[in-house]
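# Inside the fold
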Amino acid sequence: MCSTAARNPGRRFAIEEVTTTKVPGQVPVLSSWLWREETLSTREDGSPYWHENSSWEVKPENVEELLGLVRHWAQAAHLVARRDALREAFAVVDRSGPEPPQPGRGL
């Protein structure tokens, strides 16, 4: 499972199921989940890649911990998206135009 933060395609988290036996004919058994937080970065040659910022391994008996990590990441991503939206809303688009009159000088 992989998710990208709303309004910020440069951040994502991924959760991977880690299973034990992968013997043909046997059902794999869940041993843990691996959580990764990644940001989109650029190599020197200009090609993009996902850089792993952090990762955790969570055992099945600690599923609440995994849900807490997901919740925390989603809340942080929401705050970043909201901050960025406010910046865009109040951004000065074009500063060109006539200079304002100097103090003490008539129009």
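Residues numbered from 1 in each chain as written. Predicted model: local features only at pLDDT ≥ 70, side-chain atom pairs only at ≥ 80, totals over all residues. Heavy atoms only, no water.

### Brief notes about the overall build of the protein chain
In terms of regular secondary structure, the protein chain is built from one helix and four strands. N-terminal to C-terminal, the α/β element order of the protein chain is β-β-β-β-α. Considering only contacts within the protein chain whose residues lie at least 6 apart along the sequence, 40% involve residues at least 24 apart. Of the roughly 8400 Å² of accessible surface on the protein chain, a fraction of 54% belongs to carbon and sulfur atoms. (Helix = DSSP H or I, 4+ residues; strand = E, 2+ residues; numbered from the N terminus. Contact = heavy atoms within 4.5 Å. Areas by Shrake-Rupley, 256 points an atom, 1.4 Å probe, with all protein chains shown as cover.)

### Some words on the confidence of the model for the protein chain
In this model, the protein chain carries a mean pLDDT of 82, and residues with pLDDT of at least 70 account for 84%. Ignoring residues within four places in sequence, the model shows residues 2–7, a span with pLDDT below 50, making 18 contacts including any to other chains. (pLDDT = per-residue confidence, 0-100.)

### Some details on the pattern of salt bridges
It is possible for side chains bearing opposite charge to pair when their charged atoms get close. Enumeration according to the criterion identifies five salt bridges in this entry. Residue R11 is joined to E37 by a salt bridge in which the shortest nitrogen-to-oxygen separation is 2.9 Å. Pair noted here: R11 is in strand β2 (residues 11–19) and E37 is in strand β3 (residues 30–42), with a separation of 26 residues, a long-range link. Classification of R11 by relative accessible area gives buried; the value is 15%. For E37, a relative accessible area of 17% puts it in the buried group. The closest approach of N and O atoms between R83 and D84, which form a salt bridge, is 3.0 Å. A residue is classified by how much of its surface remains accessible, and R83, at 40% relative accessible area, is partly exposed. (Salt bridge = Lys/Arg side-chain N within 4 Å of Asp/Glu carboxyl O. Buried < 20%, exposed > 50% of the residue type's maximum accessible area, 1.4 Å probe, protein only.)

### Examining the environment of P60
Counting through the fold element by element, P60 comes out in the loop between β4 (48–58) and α1 (63–89). Separated by 29 residues in the primary sequence, P60 and S31 place their C-alpha atoms 6.7 Å from one another. Not counting the four nearest positions on each side in its chain, P60 is found in contact with L30, S31, S32 and W33.

### Some details on the nonpolar core
One finds F13, I15, W33, W35, V58, L66, L69, W73 and A77 forming the largest nonpolar core, which totals nine residues. Those elements giving two or more residues to this core turn out to be β2, β3 and α1. (Core = buried A, V, L, I, M, F, W, Y, C linked by side-chain atoms within 4.5 Å.)

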